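# Structure assessment
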Amino acid sequence: MNQLSLLGLISLVVRRDLVLAMRRRADVLTTLIFFVMVVSLFPLGVGPEMEMLRKMAPGLVWVSALLASMLSLGRMFSADYLDGTLEQMMLAPQSLAIVVLSKVLAHWMVSGFPLVIIAPVLGMQFDMSAQALWVLMITLLLGTPILSVIGAAGAALTLGLRGGGALVSLLVLPLCIPVLIFGAGAVESVVSGINAGSNLALLGAILVMALAFMPWITAHALRISLE
Amino acid sequence: MSWAEFFAMNGYAWYVWGSYGMVLLVFLIEIVMVRHRRARILQQILLMRDEGGD
Amino acid sequence: MVPWFSWSAAIFFVAGLYLGFFVAPTDVQQGEAYRIMFIHVPASILSMFIYLVMAGYAALGLIFNTRLSSMMASALAPTGALLAFLSLWTGALWGKPMWGSWWVWDARLTSELILLFLYIGFIALHASIEDPRRADRASALLAIIGSVNVPIIYFSVQWWNTLHQGATIKFTGTSMHEVMQQGLLAMLLAVWLYAIAMTLIRVRSIILERESKTQWVAELMEVKR
């Protein structure tokens with residue numbers, strides 16, 4: 001274990017998490033189905049008028065993706081926490097931040113990436129143009145990892161607490177608002193014909209910063225929760 | 001300004017007094033809550049002390 | 001010490017309200033409703049200021065492991081949250097006569113709403129954790145994350161707002177009448193002193209709650225008896 005290189009550690013943790021996730025496929029699918037359902041609920045709530053839906057579509061899809069991401073956060077650390085693996089990970093000489101980053105990666109591959117793939121299908125329900133769908137995918141591709149990595153800190157802080165999903169969402173959602181604004185904003189600018197570049201650039205910047213800092217903060221949060 | 005004018009606030013009475021009224025309410029509630037919390041903990045301590053046996 | 005703060009607060013409130021209501025002239029553009037400003041602005045400023053102070057105390061508690069710092073953070077939270085709420089409430093009531101709707105999605109009000117959510121999150125997290133030490137440290141981390149995020153959130157909300165061009169809150173034309181400024185300052189001090197007073201009383205309760213099993217607390221009651 002001590003001879004593990006950085007890449008080796010990451011691939012070890014990611015592979016383990018993916019295997020575990022595959023064993024509980026139902027959990028994985030629920031997030032996806034929730035996403036689809038929520039997106040479909042909005043027209044049922046606000047009416048089928050296409051003109052209005054077309055205008056609302058970017059924000060709508062994005063908010064649904066946000067909520068779906070919140071749903072799956074509890075799973076990130078709880079299984080390992082319950083069976084003691086998390087403590088082992090914390091005692092190991094390897095950097096906890098890297099372990100966290102790997103777990104976030106695995107979590108995103110299972111919960112976030114599927115959203116990116118299915119989003120265009122949902123976008124078509126709102127008569128979004130091909131270009132808009134493309135930008136939608138890109139924003140979600142950039143944004144969902146951010147949601148996962150910020151959510152990781154929330155999940156770490158609330159480890160083992162009652163109140164579950166609601167509490168994590170309450171803590172994490174305000175922090176994700178910039179992601180929502182720039183993500184939906186990018187798609188919306190494409191729809192209205194403006195360049196989406198600045199929104200995407202800001203989204204990318206947030207992604208880089210989040211990946212740089214949040215794993216370290218999450219590691220801290222884990223230590224606080226596990227003492 | 002006469003008192004009548006003062007209360008009417010030129011037609012904005014609801015807004016102005018609604019604002020300050022809420023402020024007063026919130027402040028009062030906060031003061032009550034803070035004092036209640038203090039009274040409660042003091043009472044608890046007194047109870048503990050008496051049970052501890054003198 | 002507390003009575004000093006309470007009485008100063010009361011005096012400044014009286015002074016500020018007197019200036020705000022009786023001495024300051026009616027605003028040309030906004031009529032009498034602008035007088036809401038005298039409580040709305042202090043509430044907003046203080047709610048943001050308190051959040052930073054709270055995060056600062058929380059950080060101190062986290063880094064240096066000083067319990068009192070964490071207790072101060074917990075004591076500040078409710079006052080800050082209530083002020084954020086007041087800022088929103090008075091903002092809405094100011095907005096309705098001015099711009100015709102109860103809520104305007106402008107950058108400042110929206111950021112204030114998010115600030116309220118951050119406060120609630122802090123209080124909720126602290127309340128959900130039984131172990132006081134873990135509660136202090138977890139909510140401290142949350143407060144720090146929050147305060148780093150606030151500039152980012154504010155910037156993104158401003159960005160969002162300028163694209164969806166809505167009403168912008170502007171003050172009374174170019175500069176503020178001097179009496180208005182004085183009234184505003186007095187009210188600002190008043191709310192600040194009030195917040196300090198509330199926080200100090202609250203932290204005393206928190207200290208007693210945490211230390212209730214110790215010798216010095218038992219003896220304190222002795223002295224009171």
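Residues numbered from 1 in each chain as written. Chains lettered and ligands numbered in written order. Predicted model: local features only at pLDDT ≥ 70, side-chain atom pairs only at ≥ 80, totals over all residues.

## A look at the overall build of chain B
Summing up its helical and strand segments, chain B has two helices and zero strands in all. Counting all 54 residues of chain B, 15% fall into the buried class. (Helix = DSSP H or I, 4+ residues; strand = E, 2+ residues; numbered from the N terminus. Buried ≥ 20, exposed ≤ 12 C-beta atoms within 10 Å, placed from the backbone.)

## Focus: the overall build of chain A
Helices and strands together make up the secondary structure of chain A, namely nine helices and zero strands. Start at the N end of chain A and walk to the C end: the helices and strands fall as α-α-α-α-α-α-α-α-α. A globule of 227 residues ought to have a C-alpha radius of gyration of about 17 Å, and chain A, at 18 Å, matches this closely. Along the three orthogonal principal directions, the C-alpha set of chain A runs to about 60 × 35 × 30 Å. (Rg over C-alpha atoms; globule rule 2.2 N^0.38 Å.)

## Quick look at the interface of chain C and chain B
Taken residue by residue, the interface counts 26 residues in chain C and 22 residues in chain B. Secondary-structure elements contributing two or more residues to the side of chain C that touches chain B are helix H3 (67-99), helix H6 (178-210) and helix H7 (215-224) of chain C. Taken together, the residues that form the side of chain C that touches chain B break down as 15 nonpolar, five polar and six charged. (Contact = placed C-beta atoms within 7 Å. Nonpolar A, V, L, I, M, F, W, Y, C, P; charged D, E, K, R; others polar.)

## Considering the nonpolar core
Ranked by size, the top nonpolar core spans 142 residues in total, and within it Ile-150 of chain A together with Met-54 of chain C carry the most contacts. Ignoring sequence-local partners within four residues, the contact set of Met-54 of chain C consists of Ala-73, Leu-76, Ala-77, Gly-80 and Ala-143 of chain C. (Core = buried A, V, L, I, M, F, W, Y, C linked by C-beta atoms within 7 Å.)

## Thoughts on the environment of Thr-90 of chain C
Along the chain, Thr-90 of chain C falls in helix H3. Each C-alpha atom of the pair Thr-90 of chain C and Leu-68 of chain C lies 33 Å from the other, and the pair is 22 residues apart in sequence. With residues up to four places along the chain from it excluded, the contact list for Thr-90 of chain C reads Ser-19 of chain B together with Ile-36, Ile-39, His-40 and Ala-43 of chain C.

## A few points about the packing of helix H2 (residues 13-51) of chain B against H6 of chain C
The geometry of H2 of chain B relative to H6 of chain C is characterised by a closest axis approach of 9 Å and an angle of 25° between their N-to-C directions. As the angle between them shows, H2 of chain B and H6 of chain C are arranged roughly parallel. Crossing of H2 of chain B against H6 of chain C: the hand is left-handed. Residue-level contacts link Glu-30, Val-34, Arg-37, Arg-38, Ile-41, Leu-42 and Ile-45 of chain B of H2 of chain B to Met-198, Ile-201, Arg-202, Arg-204, Ser-205, Leu-208 and Glu-209 of chain C of H6 of chain C. Partitioned by chemical class, the residues of the contact of H2 of chain B with H6 of chain C number seven nonpolar, one polar and six charged. (Axes fitted to C-alpha atoms, helices over the stretch in contact; angles between N-to-C directions. Parallel < 35°, antiparallel > 145°, perpendicular 65-115°, else oblique. Left-handed = near helix turned anticlockwise from the far one by under 90°.)

## Focus on the confidence of the model for chain B
Summing up the model confidence of chain B, the mean pLDDT is 79 and the portion of residues at 70 or higher is 74%. For this predicted complex, the interface confidence reaches an ipTM of 0.85, while the overall pTM sits at 0.86. (pLDDT = per-residue confidence, 0-100.)

## What to know about helix H3 (residues 50-72) of chain A
Residues and elements named next belong to chain A. End to end, H3 covers 31 Å across 23 residues, agreeing with the expected 33 Å (1.5 Å per residue, within 8%). Listed as buried for H3 are Ala-57, Pro-58, Leu-60, Val-61, Trp-62, Ser-64, Ala-65, Leu-66, Ala-68, Ser-69, Met-70 and Ser-72. As for H3, its buried residues are in contact with helix H2 (25-46), helix H4 (75-83), helix H6 (96-124), helix H7 (130-157) and helix H8 (164-191). (Expected span 1.5 Å × (residues − 1).)

## Re unusual backbone geometry
Residue and element names in this part refer to chain A. Positive phi outside glycine occurs at Asp-127, with the angle close to 60°. Inspection of the secondary structure puts Asp-127 in the loop between H6 and H7. Judged by the 12 C-beta atoms lying within 10 Å of it, Asp-127 is exposed.

## Structural notes on the interface of chain A and chain C
Each partner contributes to the interface: chain A provides 21 residues, whereas chain C provides 23 residues. A per-element tally of the side of chain A that touches chain C places H8 of chain A first, with ten residues. Taken together, the residues of the side of chain A that touches chain C sort by class into 15 nonpolar, four polar and two charged.

## Comments concerning the UniProt feature "transmembrane region" (unreviewed entry) in chain B
In this structure's numbering, the residues bearing the UniProt feature "transmembrane region" (unreviewed entry) are residues 12-34 of chain B. Between the end C-alpha atoms of residues 12-34 of chain B the distance is 33 Å, and the span holds 96% helix and 0% strand. (UniProt positions renumbered as here; feature names shortened; annotations may be inferred.)

## Remarks on the environment of Leu-141 of chain A
Residues and elements named next belong to chain A. Mapped onto the elements, Leu-141 comes out in helix H7. Owing to 17 C-beta atoms within 10 Å, Leu-141 belongs among the partly exposed residues under this scheme. Separated by 28 residues in the primary sequence, Leu-141 and Phe-113 have C-alpha atoms spaced 7.1 Å apart.

## Brief notes about the packing of helix H2 (residues 37-64) of chain C against H6 of chain C
Residue and element names in this part refer to chain C. Look at H2 against H6: their axes get within 9 Å of each other, and the N-to-C directions meet at 45°. Classified by the angle their axes make, H2 and H6 are oblique. Judged by the sense of rotation from one axis to the other, the crossing of H2 with H6 is right-handed. Facing Phe-38, Ile-39, Val-41, Pro-42, Ala-43, Ile-45, Leu-46 and Ile-50 of H2, the residues of H6 in contact are Gly-183, Leu-184, Met-187, Leu-188, Val-191, Trp-192 and Ala-195. Looking at the contact of H2 with H6, its residues break down into 14 nonpolar, one polar and no charged.

## A look at the environment of Phe-85 of chain C
All names here are of chain C. With respect to the secondary-structure elements, Phe-85 resides in helix H3. Its 19 C-beta neighbours within 10 Å are what place Phe-85 among the partly exposed residues. Remark: the alpha-carbon pair of Phe-85 and Glu-112, spanning 27 residues in sequence, is separated by 8.5 Å.

## Topic: H4 of chain A
Residue and element names in this part refer to chain A. Along H4, the residues classified as buried are Arg-75, Met-76 and Phe-77. For H4, the elements touching its buried residues are H2, H3, helix H5 (85-91), H6 and H7. Downstream of H4 by a residue or two, Gly-84 has a phi angle that is positive, lying close to 90°.

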